[in-house]
Amino acid sequence: MPLSPRRLPPALALALALALACNGDDTATSDSETATSASSASSATTATTATTASTASTETEGGTMSGSATTTDATTDATATTTDATTTTTTTTTTDATTVDPTEGTTEATTTGVVDTSDTDATTTTTTGDTDTDTDTDTDTGGTGGQCVQCNVTLNSTQSSSFTALPGTEFMGYATLQGQSIIYALDEVGAGRVIYTGDTNILYKEVTDCPLWEWLGDSMTLPKVLSFGRYLCNGVGNNLANYPTLTYAGDHLPAQYIGNPAQLAADYEAVIYCTLAATTDAEAQTIVDYVKIHGGGLYLASEYFGFLSQADVNRINTIGMPLGVQFETTNLDWGQANGEIDFACFPLPQ
């Protein structure tokens, strides 16, 4: 037969019911506190405020510099966190500008007096001298480095030939006669410096407050000079006879220097060559190497065609063309012509 359930005494049943009820409340409270604690910890750990930094933009001569801060978006729930991060790299462009126009983003600097051009570019001024033969001038002093000074060179030319700059040649300054015929120019070539002229009458007769000959010889005083070639380099028709440290070697370069440009550079800071057809290829190459490799100064002088022969012009071009110029068979009109070259920044000897 089935057994009947045993009934508990009333007092014992009441005590048991109370105990079970208390135990149930504690369990519910613990579960609630646990859930709350977990939620708070999760929120404290993962809650992130999305921040976006505004993009800054700075305009310079070389371009635009922009940068953005890292942007982070965070989404949080009780069990997981998702974060997306984007980083923009900042690119910086550096220029040699000293003053920036915020509306244009360009820099212009005009130099006067003695300045330092190590980190700035000089803007040069161009002066045109008008005479009966309309002489024009131009200058370019970019890339000289070191200190420089504002000055000018005035030329009193007579009958002259001309020359042209070969591709890649950019003169520091030049003077023209009869339109665009260049008769005088200065240039830095390789390690050395060159003055070109189509008129030997100009030699040491330049009217200037520039340290012209000191620049040519890269010396703080007038350089020691060797001249050779046509007799004009001995002071005929120009002012070389009054140059204090000039040695005229005659038609040819002294034998000890031919093929030995290093020795020539050790003995003389500058050379003057007046073109002569009889000059040998070996002499011409020695002069080219003296300038380009050993840092010598060269005054390369031609004359008007008719006084010079085609062979004379061909000879000077064996020196001129490797240096970046080509002399022409021209005969520019006789007559006094004044050419003035203004330098905003003429390099001082180092």
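A brief structural summary. Keep in mind that this is a model prediction, so the values were computed, not measured.

A word on the state of the cysteines
Moving on, step 1. For the structure on display, the rule yields three disulfides.
Moving on, step 2. In this model, Cys-148 is linked to Cys-345 through a disulfide, with the two sulfur atoms separated by 1.8 Å. Looking down the S-S bond of the Cys-148 and Cys-345 bridge, the torsion is -95°, so its handedness is left-handed. On the criterion of sequence distance, the pair formed by Cys-148 in strand β7 (residues 147-157) and Cys-345 in strand β18 (residues 337-347) is long-range, its members being 197 residues apart.
Moving on, step 3. Each disulfide pairs two cysteine sulfurs, and for Cys-233 the partner residue is Cys-274, the sulfurs being separated by 2.0 Å. Residues Cys-233 and Cys-274 are joined through a disulfide that is right-handed, its torsion about the S-S bond being 90°. Residue Cys-233 is found in the loop between β13 (225-229) and β14 (246-248), and its partner Cys-274 is found in strand β15 (residues 270-274); the two are separated by 41 residues along the sequence.
Moving on, step 4. For Cys-233, a relative accessible area of 0% gives the class buried.
Moving on, step 5. The class for Cys-274 is buried, based on a relative accessible area of 1%.
Moving on, step 6. Cysteine pairing in the chain follows 1-6, 2-3, 4-5, where each cysteine in a disulfide is numbered by its order in the sequence.

Quick notes on a nonpolar patch on the surface
Moving on, step 1. A cluster of nonpolar side chains, namely Tyr-231, Val-236 and Phe-307, defines an oily patch on the protein surface of about 260 Å² accessible area.
Moving on, step 2. Phe-307 sits in the partly exposed class, given a relative accessible area of 31%.

About the criteria used
- Numbering of residues starts from 1 in every chain and runs along the sequence as written.
- Owing to the predicted nature of the model, reporting of local features is limited to residues with pLDDT of at least 70; listing and counting of side-chain atom pairs is limited to 80 or more, with chain, interface and lining totals taken over all residues.
- Side-chain metrics rest on all non-hydrogen atoms present in the structure, leaving aside hydrogens and water.
- Cysteine sulfur atoms that pair up within 2.5 Å are treated as a disulfide.
- Strands here are runs of E lasting at least two residues and helices are runs of H or I lasting at least four, both read from the DSSP assignment and numbered beginning at the N terminus.
- With a 1.4 Å probe rolled over the protein chains alone, any residue whose accessible area is under 20% of its type maximum counts as buried; one over 50% counts as exposed, and the rest are partly exposed.
- Patches were defined on residues exceeding 30% relative accessible area and lacking a salt bridge, with like-charge contacts within 9 Å and nonpolar side-chain contacts (Val, Leu, Ile, Met, Phe, Trp, Tyr) within 5 Å.
- Under the convention used here, a 1.4 Å probe and the Shrake-Rupley method define accessible areas, while residue burial counts only the protein chains that appear.
- One side-chain nitrogen of Lys or Arg within 4 Å of one carboxyl oxygen of Asp or Glu is enough to make a salt bridge.

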